[in-house]
Amino acid sequence: MGSIPDARGAGVFDRPGWNLALATLAFTICFAAWSLIAPFAKSFKSDLHLDYTEALLLTAVPVILGSLLRVPMGVLTDRFGGRLMFSVVLSFSALPAVLFGYAHSYWALIGTGFLLGVAGSSFAIGVPFTANWYPPQRQGFAVGIYGMGNIGTAVAFFAAPAIVNNWGRPALGWITAAVLLGGAALTAATAHDAPRRRPPTDYRRVLRSGWRLYRLAFFYFVTFGGFVALFLLLPTVLQDWFGYSKGEASARAAGFVIAATLARPVGGWVSDRLGAFPVLVLTFAGVAVCAAVLAVLAGAPRIVPVTIACLTLGALLGAGNGAVFKLVPAEFPDDAGAAGGIVGAAGGLGGFFPPVFVGLVKDAEGTYTYGFVGLLVFVGVCLAVAVWLLRSAPESELRGIGHPQPHA
């Protein structure tokens, strides 16, 4: 990777810090829009006479398009730059945000949620946009800061129920659309792509990288997928377990999101210094313990141990996300957008299947236990792979330097 030109003489909009902050803001806004449906799942279940499978599928639908689009979004970002792609995604997402305010039937909500998925694809834009501004030894921390845009979910969980209770769902749609369009205007006016030229993305080269790519996709399937699945599930689970209102449940679920968000740059920062694989081993071991605790508690939940387990789980998953995306630009310096899109898509898909599975099991068995058992199984596999990599990977890889990438 080439070095970043000295920016001391540049204007503020040409500096890494500004563009990192702007990317993080854009991602935060997109993630808030992506998360609009989850706080209302229990209400939709009651109002539309849905079973758990239908209600939780509704919360998971935005994940589908958001996951599938991360691959082309990463490629397009490598080609056209993050400034343009962020502006386009923010602008487009305003439309389904408005439609959400007026969607009343189940299938209208499904269609609106599908379109809201476009906002979720924004993560694949910010990874190469952010990484390009920083040298390899600082990319883990920088991408971790960018990943703090996950806090948009907490914003939605806090604000959306309050707005709807006071002014109705149409007001929520219009307010969200206005924020999205404001973010698009700010990005278009002040964002700058990093002053470096890259060769055109060779997508086939990325796919041919094999194990180097697929292990990151699998790790992110579990770390980010687990994060997404839990923030989708928690408002409904907490209402069922403890009888909270949607506002109370969403506010408590926001604590899980905040813990994951704050831990993400920490995971990237520690990975910059100690390597990503040691962080991943500790992350997966801790997640396994938390999943086991929640599986045991699901039959007779108690608020204090559930709270401790969920907050710890959020922090560990956030740190794992930061560690994985420390490795993406290091392993694929010339194709960070394409690789980040593939890995991000895997993470998004990891967030789609668990809510559907949990809904099916809840309808059939009346319990959430098997959802946490499923997380435990997947994390156990990840832990075994991470331990093997820690023991066998080359020293340069353990330090997070990655591999030199051949050019086609």
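Above this text is the structure in question.
Residues numbered from 1 in each chain as written. Predicted model: local features only at pLDDT ≥ 70, side-chain atom pairs only at ≥ 80, totals over all residues. Heavy atoms only, no water.

1. Some words on the overall build of the protein chain
We count it as follows: In this description a helix means any DSSP run of H or I spanning at least four residues, a strand means any run of E spanning at least two, and both kinds are numbered starting from the N terminus. Our radius of gyration is a C-alpha quantity, and the globule rule it is checked against amounts to 2.2 Å times the number of residues to the power 0.38. Each residue's exposure class comes from its accessible area (1.4 Å probe, protein chains only) as a fraction of the maximum for that residue type: buried when under 20%, exposed when over 50%, partly exposed otherwise. Contacts were defined at the residue level, with two residues in contact if any of their heavy atoms lie within 4.5 Å. Residue burial considers only the protein chains on display, and all accessible areas are found by Shrake-Rupley using a 1.4 Å probe. Charge assignment: positive for Lys and Arg, negative for Asp and Glu; neither His nor the chain ends contribute. A charged residue contributes its charge at one atom only: NZ of Lys, CZ of Arg, CG of Asp or CD of Glu.
Secondary structure assignment for the protein chain yields 17 helices and zero strands. In terms of overall dimensions, the protein chain is globule-like: its C-alpha atoms have a radius of gyration of 20 Å, near the 22 Å expected for 408 residues. Dimensions of the protein chain along its principal axes, counting C-alpha atoms only, are 55 × 50 × 35 Å. Per-residue burial for the protein chain yields a buried fraction of 59% across its 408 residues. Counting only contacts in the protein chain whose residues sit at least 6 apart along the sequence, the fraction spanning at least 24 positions is 85%. Taken as a whole, the protein chain presents about 15300 Å² of accessible surface, with 69% of it coming from carbon and sulfur. Mean positive and mean negative side-chain charge positions of the protein chain (26 and 18 charges, respectively) differ by 5 Å.

2. A word on the state of the cysteines
Rules: By definition, disulfides here are pairs of cysteine sulfur atoms that lie within 2.5 Å.
Evaluated as defined, the whole model comprises zero disulfides. Counting only cysteine sulfurs, Cys290 is the nearest neighbor of Cys310, a cysteine outside any disulfide, at a range of 8.6 Å.

3. Quick notes on the nonpolar core
Under the convention used in this document: Grouping buried Ala, Val, Leu, Ile, Met, Phe, Trp, Tyr and Cys residues that are joined through side-chain atoms within 4.5 Å yields what is termed a nonpolar core.
Residues Phe219, Phe227, Phe231, Leu280 and Phe325 are the most contacted members of the largest nonpolar core, which totals 109 residues. Broken down by element, the residue count for this core peaks at 16 residues, all from helix α11 (residues 211-242). Ignoring any residue separated from it by four or fewer positions in sequence, one finds Phe325 in contact with Phe123, Val127, Val143, Tyr220, Arg264, Gly340, Val343 and Gly344. By size, the runner-up hydrophobic cluster in this structure holds 18 residues, among which are Phe44, Leu58, Phe100 and Ala160.

4. Description of the packing of aromatic side chains
What describes a pair of aromatic rings is the distance from one ring centre to the other and the angle between the planes of the rings. For the record, the criterion: Within 6.5 Å between ring centres, the rings of Phe, Tyr and Trp (the latter by its six-membered ring) count as paired, and their orientation is classed by plane angle as stacked under 30 degrees, edge-to-face over 60, tilted in between. Whether a charge sits over a ring comes down to the Lys NZ or Arg CZ being within 6 Å of the ring centre and within 35 degrees of the ring normal.
Applying the stated criterion across every chain yields a total of 27 aromatic pairs. Ring plane angle 20° and centroid distance 5.7 Å describe the contact between Phe123 and Tyr146, whose orientation is recorded as stacked. Linking Phe123 in helix α6 (residues 123-131) with Tyr146 in helix α7 (residues 136-147), this pair joins segments that are 23 residues apart in sequence. Phe123 sits in the buried class, given a relative accessible area of 0%. The class for Tyr146 is buried, based on a relative accessible area of 0%. Centre to centre, the rings of Phe227 and Phe256 are 5.9 Å apart; their planes meet at 20°, and the pair counts as stacked. Here Phe227 is found in helix α11, whereas its partner Phe256 is found in helix α12 (residues 246-274), with 29 residues between them in sequence. Classification of Phe256 as buried rests on a relative accessible area of 2%. Grouped by ring-pair contacts, the aromatic residues Phe27, Phe31, Trp34, Phe123, Tyr146, Phe157, Tyr220, Phe224, Phe227, Phe231 and Phe256 constitute a single cluster. Sitting above the plane of the Phe100 ring, Arg169 keeps its charged end 5.2 Å from the centroid.

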